[in-house]
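Residue-level listing of the chains:
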Amino acid sequence: MIAVVRIWYARLSRRERLLVGSAGGLAALVLSLFGIIMPSLSAIDTTKLVHDEAVQRRGRVEATTDAAGMQMPSARALDSQDIELVVTQGAAEKGFDLIKSSNAVAGQVTFRIDQARAPALLAWLTELESQDVMVSSVALRGGANGAVSVDAKLQKATR
């Protein structure tokens, strides 16, 4: 087979050999460009994008863990009277209109909030748990404009 190609190439004129050589060179250039170089560059770009996403995801995870590490639980234990103070002050700081029930037992607070945003309320309840205040029960009822009304009972966490 190779001998046949050599004989064929030898029978060509000088100008034909030059054209066949040029065509072979261009074919090799096109094949290497589209078969090797372009796929390699595409793979490198894709890898860069995946790496950037991984770096951003790691930064978000580190920021979240750093923020969680800074939230230290309260050092002293809550007294039975302190739970009422912690809940009342926390509600005032977060802007909730707290209505306390008259049947609160020592170490326990029952309250009602007529209008609150659910994400803000749940974030506040989570914050209270880091201060040794446990949610015994909570009832959320949907209202207008995404607001909820809340009936909840909180108590001092036992360790």
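In case you missed it, the structure is sitting above this.
Note that the structure is a prediction, hence the values are computed from the model and not measured.

Colleague: Even after reading the chapter, I still don't get a nonpolar patch on the surface, so can you show me in this structure?
Modeller: Residues Val30, Leu33, Phe34, Ile36, Ile37, Met38, Leu41 and Ile44 make up a contiguous nonpolar surface patch of about 730 Å² in total accessible area. Secondary-structure assignment places Phe34 in helix α2 (residues 14-70). Judged by its relative accessible area of 54%, Phe34 falls in the exposed class.

Colleague: It is not clear to me how the sheet that holds strand β3 (residues 133-142) should be interpreted in this structure. Could you clarify?
Modeller: To summarise the sheet geometry, strands pair through backbone hydrogen bonds and adopt either a parallel or an antiparallel arrangement. Strand order in this open sheet of 4 strands is β1-β2-β4-β3, and the pairing throughout is antiparallel. Whereas interior strands pair on both sides, the edge strands pair on one side only; in this sheet they are β1 (98-100) and β3. On average, adjacent strands in this sheet sit at an angle of 20 degrees to one another, irrespective of strand direction. Looking at chain direction, β1 and strand β2 (residues 108-117) are connected through 3 bridges and run antiparallel. Its bridge partner being in β2, Leu98 is matched across the sheet by Ile113. Seen against the sheet, helix α4 (residues 118-129) touches β2, β3 and β4 (147-156) and runs at an angle of roughly 155 degrees to β2.

Colleague: It is not clear to me how the pattern of salt bridges should be interpreted in this structure. Could you clarify?
Modeller: Pairing between side chains becomes possible if they bear opposite charge and their charged atoms approach one another. One pass over the full model with this rule turns up 5 salt bridges. A salt bridge links Glu62 to Arg58; the nearest nitrogen and oxygen atoms lie 2.9 Å apart. Residue Glu62 and its partner Arg58 are both found in helix α2; the two are separated by 4 residues, about one turn of the helix. The class of Glu62 is partly exposed, set by a relative accessible area of 38%. We classify Arg58 as exposed; its relative accessible area is 57%. For Asp151, the salt bridge identified is with Arg141, shortest N-O distance 2.5 Å.

About the cut-offs
Residues numbered from 1 in each chain as written. Predicted model: local features only at pLDDT ≥ 70, side-chain atom pairs only at ≥ 80, totals over all residues. Heavy atoms only, no water. Patch = residues over 30% accessible without salt bridge, like charges linked within 9 Å, V, L, I, M, F, W, Y side chains within 5 Å. Areas by Shrake-Rupley, 256 points an atom, 1.4 Å probe, with all protein chains shown as cover. Salt bridge = Lys/Arg side-chain N within 4 Å of Asp/Glu carboxyl O. Helix = DSSP H or I, 4+ residues; strand = E, 2+ residues; numbered from the N terminus. Buried < 20%, exposed > 50% of the residue type's maximum accessible area, 1.4 Å probe, protein only. Pairing = 2+ DSSP bridges. Axes fitted to C-alpha atoms, helices over the stretch in contact; angles between N-to-C directions. Contact = heavy atoms within 4.5 Å.

Read these as spatial facts, not as claims about activity.
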